[in-house]
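# Observations on the model geometry
Listed below, chain by chain, are the residues.
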Amino acid sequence: MAGSVLKTNVNTKSPEFEKNTRRMIDLVTQIKNEEEEIHQGGGAKAIEAQHKKGRLTARERIAKLIDPGSQFFELGVYAAYEMYEEWGGAPSAGTITGLARVFGRTFMIIANDATVKAGAFFPMTAKKVIRAQNIAIDNHIPTIYLVDSAGIFLPLQEDVFPDTDDFGRVFRNNAVMSAMGIPQLAAIMGMCVAGGAYLPVMCDHILMTEGSGLFLAGPALVQAAIGQKTSAEDLGGAKMHAQISGTVDFREPDDDACIARIRALADKMGAANPAPFSHVASRQPLYSADEIYGIFSGDPAKQYEMREIIARIVDASEFEEYRTEHGETVLCGYARIGGWAVGIVANQKKHVQTLARGSDQKRMEFGGVIYTESAEKAARFILDCNQNRVPLIFLHDVNGFMVGKDAEWSGIIRAGAKMVNAVANSVVPKIAVICGGSFGAGHYAMCGKAYDPRFIFAWPTARYAVMSGDAAAGTLVEIKLKQLEREGKKVDEKAKKELYESVRTTYEHQTNPRYAAARLWVDAIIDPAHTRDALIQALEAAALNPEIREFKTGVLQT
C-alpha cells in the first residue's frame, strides 16, 4: 500500500536556493579539507618512522582490515581539535574509531594512531575510546582493537587517570562488554604498556605481532624499581607471551598476517540475534539529496520547510505525518530509512498561523520554537513509538521553548517536562541530527547528548548552546556593564560595542560544531547530502541489539 508521498515545491533556480547552496558547499568543503589534514595524524615524518619499524599506520591497518570496496564510517574525527596545542596538538585525539564491515558483519574499530605522540592517551583519547565502547555496548556491536600505544601521556596524567570517564573506564568497559557477550578482538601491533596492557588481555581474542611489546612496566622502569636488567623482547615480546606466559592466542610475523588472522576470526563468528524493528527492502527518495544544500537556510531569521528535508532522507519520500494540523512547529511522523521503520521528530522552521489555545483568536507561531501544543504532540508521539518498537530520529533546528505570559499560562513548563520525560525514558534507539540551531531546553527535548542518543550527528551549519550568540552576547554584556557601574566606572558607546563584539566572537566560536566535535558532544560532522547514509549506518548498528527493556515513564505531568 502506497504511503503519503511528500510533494516538493522547491524552486532550484531561485536566488535564495542558489545562495544557500553556495554557502553549504563552502562549509562542507572546509570540513572535508580539515578532515584530510587531521587524517595525516602526526605528519609525514611520523608516518615514515612508523614504516621504518616495519609497521603500518592505523589508517593503513584499517584499510586492509575492512571488506574490499566498503566504507569506514569514522566517528570522532574532530576529537581534541584545537586542544593540547601547548603539547603540539593531538589530531583526532591520537586514536581512530568508527564502524566498518569485516566479512559482511558490522564492527566497531578502535585503533591507536602511533604517529601521534606514540599513541599516548590524552584526556580526550580516553573519552573517545570510552564513547566508542559505549556505542558498542548500547548497540551490541562486536569490537576490534588495534593496539599501538605508549600508555598515558604523563604530563596530563591527572586528567587521564582517576575519574569515571578516564583511562580505567576503558578496561571496566572491556569487562562489561565481555559479560554482555559482545565479542572483542585485540591485536597488539606495537607497544602496549603499563595499565594499557589490560585492554587486550581482557578481550576474547589476543593477537600480537613480532617486535611488539606487552608489559606492565618497561625495561627501564623494571630496572629502576627492582634492579633487574632485561631486554624488551625477553620482558614482554610476542614470542615470550606466546610460548612462556601463554597470554596471547596468536603470534603473527607482521601487520599483514595479523590483519588476515583477525579477518579469519571475524569470519567464524556466529550471527547476531534478529532485530526487533520492522525492516523491508530499501527504496531511494524521490528527490536528490544534494538539493538539501539549497533548501536549508543557516540564517536563523530565514524560514524553510522541514518537510522538504525529510522528503530527501526517507524511503520513497513517504511520510505518515502525525497530527498534521496540531502543534505545527514540531513535525512528527512515521517513515522508513534504508528499509528501517522510524519515527521522526523534527523542528518546523516555517512560521505557522493557528488559533490561540482555548479561543478562536488567530495567532502566529514562530518556526523553530516549541509551543505547548507541539511539546504535547511530540511527547505523545514518542510514547507511541516506544509502544510500537519504532526507533526515533530527531532533526534539530530549535530556538527553544516559547516564553511569555501566554506560554506560561498555557502550561509550557508542564508540556516541556512531559516531552523531556518521554525522551529521557525512551527504550527504543534514538538518533539525533543537529541541522541548525539547538538551543536551551529545546536541545534537551530534542534528545541532546545528555539524553543518550545512540548516535548524534551535526551538519556544518549546526550551532548549539544555552542561547544564540546574539542573545548571549547581549545578556553577558549587560551583566558586565552593571558590574562596571557598581565599581564606579563609565563605559562609552565605542567600548560597549567592542565588549559586545568580543563576547559575541568568543561565544560564537564555542557554538561552532567543531568545538562540539572536539569534545565529543557530537559523534561526527556530516555532509547534509549524506544524512540518509549516516542514519542507515546508525540504524543498522542499533538493530544489532535485540533487547528492549520495559518502557516506563514514572510520573508524567498532565
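All figures in this text were calculated on a predicted structure; none of them were measured in a lab. (Residues numbered from 1 in each chain as written. Predicted model: local features only at pLDDT ≥ 70, side-chain atom pairs only at ≥ 80, totals over all residues. Heavy atoms only, no water.)

### Considerations on the side chain of Asp523
Among the structural elements, Asp523 can be located in the loop between helix H19 (513-518) and strand S20 (524-525). The buried category is assigned to Asp523, whose relative accessible area is 4%. Apart from the residues lying within four places of it in its own chain, the contact partners of Asp523 are Leu75, Gly76, Arg131, Ile135, Arg454, Phe455 and Ile456. (Helix = DSSP H or I, 4+ residues; strand = E, 2+ residues; numbered from the N terminus. Buried < 20%, exposed > 50% of the residue type's maximum accessible area, 1.4 Å probe, protein only. Contact = heavy atoms within 4.5 Å.)

### Observations regarding the pairing of strand S17 (residues 430-439)
Burial within S17 is extensive, with 10 of its 10 residues counted as buried. Pairing between strand S15 (residues 392-398) and S17: six bridges, direction parallel. Of the residues in S17, the one forming a bridge with Leu392 is Lys430. Direction of pairing for S17 relative to strand S18 (residues 455-458): parallel, over a ladder of four bridges. (Pairing = 2+ DSSP bridges.)

### Some words on the nonpolar core
One finds Ile310, Ile344 and Phe457 to be the most contacted residues of the largest nonpolar core, which totals 91 residues. In terms of residues, this core owes the most to one element, helix H4 (residues 123-139), which gives eight residues. Ile310 has contacts with Leu6, Phe319, Leu331, Ile344, Ala346 and Leu395, leaving out every residue within four places of it along the chain. (Core = buried A, V, L, I, M, F, W, Y, C linked by side-chain atoms within 4.5 Å.)

### Observations concerning the side chain of Arg454
Position of Arg454 among the secondary structure elements: in the loop between helix H16 (440-445) and S18. Buried Arg454, no salt bridge; nearest opposite-charge side chain is Asp138, N-O distance 5.2 Å. Apart from residues no more than four positions distant in its own chain, Arg454 is found in contact with Arg131, Ile135, Asp138, Asn139, Val427, Pro429, Lys430, Asp523, Ala542 and Asn545. (Lys, Arg positive; Asp, Glu negative; His and termini not counted. Salt bridge = Lys/Arg side-chain N within 4 Å of Asp/Glu carboxyl O.)

### Overview of the pattern of salt bridges
Under the defined criterion, the tally for this structure stands at 27 salt bridges. When the shortest N-O distance is used, the salt bridge between Asp67 and Arg263 registers 3.0 Å. With a gap of 196 residues between them, Asp67 in the loop between helix H3 (58-65) and strand S1 (73-75) and Arg263 in helix H10 (residues 255-267) connect regions that are remote in the sequence. We note that Asp67, like Arg263, is buried. Salt bridges here are not isolated pairs; linked through shared partners, they connect Arg61, Asp148 and Asp255.

### Considerations on the packing of aromatic side chains
Tallied over the entire structure, the rule returns 16 aromatic pairs. Centroid distance Tyr84 to Phe122: 4.9 Å. Interplanar angle 40 degrees. Geometry classified as tilted. In this pair, Tyr84 sits in the loop between S1 and strand S2 (95-102) while Phe122 sits in the loop between strand S3 (105-112) and H4, placing the two residues 38 residues apart along the sequence. Of the two residues, Tyr84 and Phe122, neither departs from the other in class, the shared state being buried. Considering the side-chain rings of Tyr334 and Phe381, the 4.9 Å spacing of their centres and the 55 degrees angle between planes classify their relative orientation as tilted. Separated by 47 residues along the polypeptide, Tyr334 in strand S10 (residues 330-337) and Phe381 in helix H13 (residues 372-387) bring together distant segments of the chain. We classify Phe381 as buried; its relative accessible area is 0%. Among the aromatic side chains, those forming a connected cluster through ring pairs are Tyr84, Trp87, Phe122 and Phe153. Cation over ring: Lys405 sits above Trp409, and NZ or CZ is 5.1 Å from the ring centre. A cation sits over an aromatic face here: Arg519 above Tyr515, 3.5 Å from the ring centre. (Phe/Tyr/Trp six-rings, centres within 6.5 Å; stacked < 30°, edge-to-face > 60°. Lys NZ or Arg CZ within 6 Å of the ring centre and 35° of its normal.)

### Let's talk about the environment of Lys117
Looking at the secondary structure, you find Lys117 in the loop between S3 and H4. Between the alpha carbons of Lys117 and Gly42 there is a distance of 7.5 Å; along the sequence they are 75 residues apart. Setting aside chain neighbours within four positions, we find Lys117 in contact with Trp87, Gly88, Gly89, Phe122 and Phe153. Within the structure, Lys117 has its side chain in polar contact with the backbone oxygen of Trp87 (distance 2.9 Å). Separated by 3.4 Å, the side chain of Lys117 and the backbone oxygen of Gly89 make a polar contact. (Polar contact = N/O pair within 3.5 Å; in protein donor to acceptor, adjacent residues only side chain to side chain.)

### Overview of helix H20 (residues 531-542)
The terminal C-alpha atoms of H20 lie 16 Å apart, and with 12 residues this matches the ideal 16 Å at 1.5 Å per residue to within 8%. Of all 12 residues making up H20, nine are buried, and the element is well covered by its neighbours. Taken residue by residue, H20 has Thr531, Arg532, Ala534, Leu535, Ile536, Ala538, Leu539, Ala541 and Ala542 as its buried positions. (Expected span 1.5 Å × (residues − 1).)

### Observations concerning the packing of H3 against H10
Closest axis-to-axis distance for the H3/H10 pair is 10 Å, and the angle between their directions is 40 degrees. One finds that H3 runs oblique with respect to H10. Remark: the crossing between H3 and H10 carries right-handed chirality. Two secondary-structure elements touch here, H3 through Arg61, Lys64 and Leu65 and H10 through Asp255, Asp256, Ile259, Ile262 and Arg263. In terms of residue class, the contact of H3 with H10 is built from three nonpolar, no polar and five charged. (Axes fitted to C-alpha atoms, helices over the stretch in contact; angles between N-to-C directions. Parallel < 35°, antiparallel > 145°, perpendicular 65-115°, else oblique. Left-handed = near helix turned anticlockwise from the far one by under 90°. Nonpolar A, V, L, I, M, F, W, Y, C, P; charged D, E, K, R; others polar.)

### Digging into the state of the cysteines
Enumeration according to the criterion identifies zero disulfides in this entry. A disulfide-free cysteine, Cys435 has its sulfur positioned 14 Å from the sulfur of Cys447, the nearest such atom. (Disulfide = S-S within 2.5 Å.)

### Thoughts on unusual backbone geometry
Positive phi, normally seen in glycine, also occurs at Glu82, with a value near 60 degrees. Along the chain, Glu82 falls in the loop between S1 and S2. Here Leu520, not a glycine, exhibits a phi torsion of approximately 65 degrees, which is positive. Of note, Leu520 is situated in the loop between H19 and S20.

### So, the packing of H4 against helix H5 (residues 167-179)
Put simply, H4 and H5 touch, their axes get as near as 9 Å, and they point 20 degrees apart. Relative to H5, the element H4 lies roughly parallel. Crossing angle aside, the handedness with which H4 passes H5 is left-handed. Where H4 approaches H5, its residues Ala126, Val129, Ile130, Gln133, Asn134, Ala136 and Ile137 are matched on the opposing element by Phe167, Arg169, Val170, Asn173, Asn174, Val176 and Met177. A class-by-class count of the residues in the contact of H4 with H5 yields nine nonpolar, four polar and one charged.

### Looking at the pairing of S3
Buried residues dominate S3, accounting for eight of its eight residues. Of the two faces of S3, the one carrying Arg105, Phe107, Ile109 and Ala111 and the one carrying Thr106, Met108, Ile110 and Asn112 are both buried. Bridge count for S2 against S3 is eight bridges, and the pairing is antiparallel. Looking at S3, one finds that Ala100 is bridged to Phe107. With antiparallel pairing between neighbouring strands as the criterion, S2 and S3 make up a hairpin whose turn holds two residues, including Phe103 at a positive phi of roughly 50 degrees.

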